[in-house]
Amino acid sequence: MMRVLVTGSSGLIGSEAVVFFDRLKFHVVGVDNNMRADFFGPKGDTTANRDRLQATCRHFEHHNLDIRDRQAIDLLFAAGKFDLIIHAAAQPSHDLAALRPLDDFDVNAVGTLNLLEATRRHCPDAVFVYVSTNKVYGDGPNRIALKEFETRWDYADARYEQGIAEDFPVDQCLHSLFGVSKLAGDVMAQEYGRYFGLKTGIFRGGCLTGPQHAGVELHGFLNYLVMTALREGPYTIFGYKGKQVRDQIHSHDVISAFWEFAQNPRPGAVYNLGGGKQNAASLLECVELICQITGKRPKLTYSDTNRIGDHICYYTDLRKFQRDYPGWQMTYDLPQIVEQIAQFAA
Ligand SMILES: NC(=O)c1ccc[n+]([C@@H]2O[C@H](COP(=O)([O-])OP(=O)(O)OC[C@H]3O[C@@H](n4cnc5c(N)ncnc54)[C@H](O)[C@@H]3O)[C@@H](O)[C@H]2O)c1
C-alpha cells in the first residue's frame, strides 16, 4: 500500500491532502502540532479539523510532532518508509513573520530542510511536494505597468497577459520575512532535486482556499471575508482602493495537481499554481460576488496604508503546469468556491 506523509495535516491544504489520499486508500500519516493556534490564537485552532479527519478517514494516523524537531522527524522517517511527502506545514502570514522572525524561519526554512534531509536519508525514491508561495516573487510584480479599471487593477504589459510565470525574478525586491523564509525552503527543495536527484516538486501558490480554512484576519483572505460578510462584521481594506487582484484556487484542485505530479515527477521542477486569470478578482469584486451569493456584505472601512509588500495585482500563469500535466483540470470556479465556503460557514 502506498504510504503518504502530510505535514500541516490539520491545516487547509494538509487536511485536503489527507482526505484525497485516504479516498485513494493510501495509508496517510499526518504531522501537525496545531502551531496555527499558537500563531493566530483560538480562531486559528485546527483541532476540529484533526478530529474530523480522525473520525472520517479510515487510513489516517495523526502525529502531534513539530517539524522543527529534527530528531523526532528523523525517527518518523526511519519507521515510515514513505512513497510521497506533501509538505504543507508552515507559518503562513507576512505580518506574523515580522512579529516572530525566528519562529517563522525555524518553521518555514529549517523545518523544510529537516524534512528534505530525512527524505534523502530514509526514502530517497519518494516524491516530495513543497507547498511554496507566490510571495517568493516579493513585490516584484508591483513593478509591472498596470491599468486601472472601475473595480480592479490589471496588467498593462502584454507579456503578463496570462499572468505571472515561473521565470519571474525572485530577488532584489521586498519580500517580507515570510517571503524570505518560504523562498529559502523553495530553493532548498529545488536543490535537493537538482543536486541529489530527489523527486522534489515546488508549487508556488496563489490564494489557496476552501471551506476547511481556519480563516483569520492575517491569513486566509477569502474565508475571512466570507465569514465577516455572513455576520455583517467590520472589514478593513488596506490600500490600493480595494482593487487589488488575487487568483483563488480550491484546495481540492491543488491536491489533484500534486497527485498528477506525483505520478510522473520531474525532479526540482517549479510550478506556479493558482486560480489563474479565470479565477482572478479584486477585493471589491469579491465583496459583490459574496453579496450576490449570500445576500450579505461586510461593513467596509478603508485604510490608505497597504500591507507592506502586498501585491497590487497577481494572477498565476498556469501554462507551464498545464503543458507538463495535460491531464489536470481545475474543477472549481470562483462562484463555486464562495458558495462552498459560505455553506460551510453558515
Ligand atoms: N492559503 C494560502 O492562501 C496559501 C497561499 C500560498 C501558499 N500557501 C502555502 O501553503 C501551505 C499550507 O498553507 P495553509 O493555508 O494550509 O496553512 P494552514 O495554517 O491552514 O496550515 C498549516 C498547518 O501547519 C501546522 N504547523 C505550523 N507549524 C508547524 C510545526 N512547526 N510543526 C508541525 N505543524 C505545524 C499548523 O498547525 C497548520 O495546521 C503553506 O506552506 C503556505 O505557505 C498557502
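Residues numbered from 1 in each chain as written. Predicted model: local features only at pLDDT ≥ 70, side-chain atom pairs only at ≥ 80, totals over all residues. Heavy atoms only, no water.

## Overview of the packing of helix H1 (residues 12-23) against helix H3 (residues 47-56)
Two elements in contact, H1 and H3, have axes separated by 11 Å at closest approach and are oriented at 5 degrees. With respect to H3, the element H1 is oriented roughly parallel. Across from Ser-15, Val-18, Val-19 and Asp-22 in H1, the residues of H3 making contact are Asn-49, Arg-52, Leu-53 and Thr-56. Split by residue class, the contact of H1 with H3 holds 3 nonpolar, 3 polar and 2 charged. (Axes fitted to C-alpha atoms, helices over the stretch in contact; angles between N-to-C directions. Helix = DSSP H or I, 4+ residues; strand = E, 2+ residues; numbered from the N terminus. Parallel < 35°, antiparallel > 145°, perpendicular 65-115°, else oblique. Contact = heavy atoms within 4.5 Å. Nonpolar A, V, L, I, M, F, W, Y, C, P; charged D, E, K, R; others polar.)

## Side note on the site of the ligand
Not every one of the 30 residues close to the ligand is listed here, only the nearest: Asp-32, Arg-36, Asp-66, Lys-182 and Gly-206. Side-chain polar atom of Asn-33 to a nitrogen atom of the ligand: 3.2 Å apart, as the coordinates give it. Ile-67 places a polar main-chain atom, nitrogen or oxygen, 3.0 Å from a nitrogen atom of the ligand. With the chains in place, 97% of the 820 Å² that the ligand exposes on its own is no longer accessible. Secondary-structure elements contributing two or more residues to the shell around the ligand are H1, helix H2 (35-40), strand S5 (127-133), helix H7 (176-194) and strand S9 (207-209). No other element matches the 3 residues that S5 contributes to the shell around the ligand. Looking at side-chain class alone, the shell around the ligand contains 14 nonpolar, 12 polar and 4 charged residues. (Near = heavy atom within 4 Å. Polar contact = N/O pair within 3.5 Å; in protein donor to acceptor, adjacent residues only side chain to side chain. Areas by Shrake-Rupley, 256 points an atom, 1.4 Å probe, with all protein chains shown as cover.)

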